[in-house]
Amino acid sequence: RGVDVRVIIPHIPDKKIVYGMTKSVCHQLSKFGVKIYEYTPGFMHAKSYIADDNLGIIGTMNLDYRSLDHNFENGVWMYNVDCLFDIKVDMLYTMAKSIYIEAASIKPNLFQKFIRSRFSEIRARVQRGI
């Protein structure tokens, strides 16, 4: 619908299972127009979100069921404040140092599909609290 969605993920994982789960949805997100960047200079663990240049969140929470419902996560919600411009500039600078991932380049092979289906099953169980 014309929404510009960009996601920056780490190129260097800290936990291979989480990294595999992240990569398991990248191809599908790309097909729907989400622009995915892999941050290559080091490990990226930042959580910041900006919408319409006047709404933002920065903090420790991931946008998943476990972080939002079970874990004690923190975030600062910002609306129409000057620092959102600085956060956006930092995001753009980070994207410039990252690799843009084309949808065709992340199409999984048969082995990856099998492994990622296992990750999808694990993710579904975690979301259901099993």
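Above this text sits the structure in question.
We now turn to the structure provided with this report. Since this is a predicted model, take the numbers as computed values, not measurements.

Concerning the environment of Asn 71
Part 1 of the argument: Looking at the element boundaries, Asn 71 is found in the loop between α2 (65-70) and β5 (75-79).
Part 2 of the argument: The partly exposed category is assigned to Asn 71, whose relative accessible area is 35%.
Part 3 of the argument: Sequence-wise, Asn 71 and Lys 16 are 55 residues apart; in three dimensions their C-alpha atoms are separated by 21 Å.

Focus: the layout of surface pockets
Part 1 of the argument: One number sums up the size of the largest pocket: a volume of about 2000 Å³.
Part 2 of the argument: Contributions of two or more residues to the lining of the largest pocket are made by β1 (6-10), α1 (16-31), β3 (47-51), α2, α3 (83-96) and α4 (110-128).

Side note on the pattern of salt bridges
A side chain with one charge can pair with a side chain of the opposite charge if their charged atoms come near.
Part 1 of the argument: For the coordinates displayed, the defined rule picks out 4 salt bridges.
Part 2 of the argument: Among the ionic pairs, Asp 4 bridges to Lys 35, the shortest N-O distance being 3.0 Å. Of this pair, Asp 4 sits in the segment before β1 while Lys 35 sits in strand β2 (residues 35-39), and the two are 31 residues apart along the sequence.
Part 3 of the argument: A salt bridge links Lys 15 to Asp 14, with the nearest nitrogen and oxygen atoms 3.8 Å apart.
Part 4 of the argument: In this structure Lys 15 comes out as exposed when scored by relative accessible area, which is 51%.
Part 5 of the argument: A relative accessible area of 48% places Asp 14 in the partly exposed class.
Part 6 of the argument: Salt bridges here are not isolated pairs; linked through shared partners, they connect Asp 4, Arg 6 and Lys 35.

Observations concerning unusual backbone geometry
Part 1 of the argument: Not every positive phi belongs to a glycine, and Asp 52 is a case in point at roughly 55°.
Part 2 of the argument: Mapped onto the elements of the fold, Asp 52 is located in the loop between β3 and β4 (55-59).
Part 3 of the argument: In this structure, Asn 80 takes a positive phi of about 50° despite not being glycine.
Part 4 of the argument: If you trace the backbone, Asn 80 turns up in the loop between β5 and α3.

Section: the nonpolar core
Part 1 of the argument: Residues Tyr 37, Met 78, Leu 84, Ile 87, Met 91 and Met 95 constitute the largest nonpolar core, which totals 6 residues.
Part 2 of the argument: Residue contributions to this core peak at 4 residues, all from α3.
Part 3 of the argument: Grouped together as the second largest cluster of nonpolar side chains are 5 residues, Ile 9, Cys 26, Val 34 and Ile 36 included.

Parameters and conventions
Position labels on residues start from 1 in each chain and follow its written sequence. Thresholds applied to this predicted model are a pLDDT of at least 70 for local features of residues and 80 or more for the giving and counting of side-chain atom pairs; totals over whole chains, interfaces and linings are not thresholded and use all residues. Side-chain measures were taken over the full set of non-hydrogen atoms in the model, leaving aside hydrogen atoms and water. A run of H or I in DSSP becomes a helix once it reaches four residues, and a run of E becomes a strand once it reaches two; helices and strands are each numbered from the N terminus. When a residue's accessible area, from a 1.4 Å probe over protein chains only, is under 20% of the maximum for its type it is buried; when over 50% it is exposed; and in between it is partly exposed. With a 1 Å grid laid over protein atoms only, a set of points is called a cavity when a 1.4 Å probe fits there but cannot get out and a pocket when it is open yet has protein on both sides within 12 Å along at least five of seven lines; lining residues have an atom within 4 Å of a point. Grid points are joined across faces, edges and corners, and a volume is the space filled by probe spheres set on the points. Should a side-chain nitrogen of Lys or Arg be within 4 Å of a carboxyl oxygen of Asp or Glu, the pair is scored as a salt bridge. Nonpolar cores are built from buried Ala, Val, Leu, Ile, Met, Phe, Trp, Tyr and Cys residues. Side-chain atoms within 4.5 Å join them into one set.

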